[in-house]
Amino acid sequence: MMSLSSREFLEMPITDFIISSEKVAHVQMGNNAEHALLVLTKTGYSSIPVLDAKYRLHGMLSMRMITEPILGMDHIEYERLTDIKVDEIMDKKVATLNIGDNFQRALDLVINHAFLCVIDDEGTFMGIMTRRVILKQLKKHIYQFNS
Ligand code: AMP
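For clarity, every value in this text was computed on a predicted model and none was experimentally measured.

**Regarding the nonpolar core**
(1) Moving on: Counting 18 residues, the largest nonpolar core has V27, L61 and I66 as the members making the most contacts within it.
(2) Moving on: Among the elements of the structure, α2 (33–43), β3 (47–51), α3 (63–67) and α4 (86–89) are those that each provide at least two residues to this core.
(3) Moving on: With five residues, the single largest contributor to this core is α2.
(4) Moving on: By size, the runner-up hydrophobic cluster in this structure holds 15 residues, among which are F9, L10, A106 and M129.

**A few points about the pattern of salt bridges**
(1) Moving on: Within the structure shown, the criterion is met by four salt bridges.
(2) Moving on: Note that R80 and E77 form a salt bridge whose closest N and O atoms lie 3.4 Å from each other.
(3) Moving on: The residue R105 makes a salt bridge to D101 at a minimum N-O spacing of 2.8 Å.

**What about α2?**
(1) Moving on: Inspection of α2 places A33, A36, L37, V39 and L40 among the buried residues, and these make up the whole buried set. Mapping the buried residues of α2 onto a view down its axis gives an arc of 165°, with all of them on the same face. Facing away from the buried side of α2, by more than 90 degrees, are the exposed residues T41 and K42.
(2) Moving on: Tucked into the core, α2 has its buried residues touching β2 (27–28), β3, β4 (57–62), α3 and α4.
(3) Moving on: Measuring from the side-chain oxygen of the N-cap residue of α2 to the backbone nitrogen of E34 gives 3.1 Å; that N-cap residue is N32.
(4) Moving on: Downstream of α2 by one or two residues, G44 has phi in the positive range, about 80°.

**Overview of the side chain of D101**
(1) Moving on: Looking at where D101 falls in the secondary structure, it is placed in the loop between β5 (96–98) and α5 (103–110).
(2) Moving on: A polar contact is formed between the side chain of D101 and the backbone nitrogen of N98, at a distance of 2.8 Å.
(3) Moving on: A polar contact is formed between the side chain of D101 and the side chain of R105, at a distance of 2.8 Å.
(4) Moving on: Beyond its immediate stretch of four places on either side in the chain, D101 contacts P13 and I14.

Conventions adopted
Residues numbered from 1 in each chain as written. Predicted model: local features only at pLDDT ≥ 70, side-chain atom pairs only at ≥ 80, totals over all residues. Heavy atoms only, no water. Core = buried A, V, L, I, M, F, W, Y, C linked by side-chain atoms within 4.5 Å. Buried < 20%, exposed > 50% of the residue type's maximum accessible area, 1.4 Å probe, protein only. Helix = DSSP H or I, 4+ residues; strand = E, 2+ residues; numbered from the N terminus. Salt bridge = Lys/Arg side-chain N within 4 Å of Asp/Glu carboxyl O. Arc of directions from axis to C-beta. Contact = heavy atoms within 4.5 Å. Polar contact = N/O pair within 3.5 Å; in protein donor to acceptor, adjacent residues only side chain to side chain.

If you want it as structure tokens, here you go:
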């Protein structure tokens, strides 16, 4: 990376740091909770986006949102998983970045989220920006002054 002032660093566009949508594990609206449990377990990710057939972002799904509704009084009712749709249990309030945002906005939001969904002006899912990628860039930036 060229030597950047902190102001220039914070004003960098986020576009180069996005994990693009085709590489992001997701579930689709209408999928059932059993399928979502499989995707979360097999990928090992803590949460994944919920998209429609046109790749628009509708929500976010984590393991807890799947297990919570099937916790019975004294056992886990696994058989109910196929009756539950992801759109009924997902979190619809998702912190998002717009494709035109800069690094500063990403840095502000990533304090409370392990990763952020990136959408365009139509709400189409473009990919994610992870805390790992943001911290890596921040570390590079800080070290350029100390090496
Ligand atoms: P990481 O930076 O790999 O530790 O990822 C942090 C979180 O971002 C993971 O737990 C997932 O929830 C999400 N994530 C990272 N990469 C992907 C991916 N390729 N597909 C879906 N979610 C991802």
